[in-house]
Amino acid sequence: ATALLKAGKKVAILVGAGALHAADEVAAVAEALGAGVAKALLGKAGLPDDLPWVTGSIGLLGTKPSWELMTNCDTLLMIGSGFPYSEFLPKEGQARGVQIDLEPEMLSLRYPMEVGLIGDSKETLRALLPMLEQKQDRSWRKEIEKSVAHWWKLLESRAMVSANPVNPQRVVWELSPRLPERAIITSDSGSCANWYARDLKIRRGMMCSLSGGLASMGAAVPYAIAAKFAHSDRPVVALVG
C-alpha cells in the first residue's frame, strides 16, 4: 500500500463514516501525499471545511472540486466508506487504488482496488504514516486548493442572490459561522439536504448526521437526533423543510 501511494502523482482520498474518528491521521496522510480529500455524505464531519484541500461532499449532492478530484486523479485512497455511486469515482483503469475498511466484504466493492487493508482506519493510517515520505511536487495540491477556493466564492455568490421570501442558500451560508462550537448538525431529507451537503461549513469538533442510507429516507431523522442528545452538553442544530 505504501509503495502504491508513494508512486501516485495525483492522489485523491475519499473518507466516509468509518474515518470520523481519524481526522488527525487522515490530515497527516493527505499532507504527506499532497492529496485532496473528498467526503462521502456520512463522512461530512470527518475533516473541517476550512482546510483548503478538502473538496467537500461527493456524489449527487457533491461539489465540483470533488468531481474534478476524482476525474483527474491517478491514485485513490478510500478510507472507511461504502460510497455507492461508482459513477462519481475514477473510471475503472484510471487510478490505482488502496482501500481501508473494517469489513472485508467492502473491499473493492465500489472500485477495483489493488490493495485492500482490513482494519480500523485510525490504527491502519497510523501504521502507514511512518512509511510515507513527504511528496516534494505540490502542483497537484495547488491545483486542488485553487479549485476549492473558487468553489467557495461561487457558493457565496449564489447565496447572495436575492429571492422572495428568502434564498435558502443564504440561510445556510449565514448559519455556518454562527454555529456553536461542538454542535451536532442534522438535516431533514429533501432540498435542505442539498444545502447541508454543499453550503454548510463544518468546523473541527462538530458532529453531523442525516439519512444517508439507500432506501432509508425519512423526515424524522432530525427529531430522533435531537431526542437522542437532549441531555447532552452539545447544542443540536437541525435543518428542516
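Look up a bit, the structure's there.
As the structure is a computational prediction, the values presented were derived from the model and not from experiment. Residue numbers here run from 1 along each chain, matching the order of that chain's written sequence. A pLDDT threshold of at least 70 governs which residues receive local features in this predicted model, and a stricter bar of 80 or more applies before side-chain atom pairs are shown or counted, although totals over entire chains, interfaces and linings include all residues. The side-chain quantities take in all heavy atoms of the structure and omit both hydrogens and water.

## Regarding the overall build of the protein
Then, in step 1: Each helix is a run of H or I in the DSSP string that is no shorter than four residues. Each strand is a run of E no shorter than two, and both are numbered from the N terminus. Scanning the protein for helices and strands turns up eight helices and nine strands.
Then, in step 2: By the compact-globule yardstick of 18 Å for 241 residues, the protein fits well, its C-alpha radius of gyration being 18 Å.
Then, in step 3: Across its three principal axes, the protein shows a C-alpha extent of roughly 55 × 35 × 30 Å.
Then, in step 4: The buried label goes to any residue with under 20% of its type's maximum accessible area, the exposed label to any with over 50%, and the partly exposed label to all in between, with areas taken from a 1.4 Å probe on protein chains only. In the protein, buried positions account for 49% of the 241 residues.
Then, in step 5: Residue pairs at least 24 apart in sequence account for 60% of intrachain contacts in the protein once pairs closer than 6 positions are excluded. C-alpha atoms define the radius of gyration, and 2.2 Å times the number of residues to the power 0.38 defines the globule rule. Contact criterion: two residues are considered in contact whenever any of their non-hydrogen atoms come within 4.5 Å of each other.

## Remarks on the packing of aromatic side chains
Then, in step 1: Each pair of aromatic rings taken from Phe, Tyr and Trp, with Trp reduced to its six-membered ring, is defined by centres within 6.5 Å and is described as stacked if the planes are under 30 degrees apart, edge-to-face if over 60, and tilted in the remaining cases. Using the criterion set out here, one finds three aromatic pairs in the structure.
Then, in step 2: Seen from their ring centres, W67 and F88 are 6.0 Å apart, and the 80° between their planes marks the pair as edge-to-face. Remark: F88 occurs in the loop between β4 (75-79) and β5 (96-101) and W67 occurs in helix α3 (residues 64-72); sequence separation between them is 21 residues.
Then, in step 3: Residue W67 is classed as partly exposed on the basis of its relative accessible area, which comes to 44%.
Then, in step 4: Looking at K44, its charged tip hangs above the ring of Y196, at a distance of 5.6 Å from the centre.
Then, in step 5: Over the aromatic face of W152 sits the side chain of K201, whose NZ or CZ is 4.4 Å from the ring centroid. For a Lys NZ or an Arg CZ to count as sitting over a ring, it must be within 6 Å of the ring centre and within 35 degrees of the ring normal.

It is worth stressing that arrangement in space is one thing and function is another; only the former is reported here.
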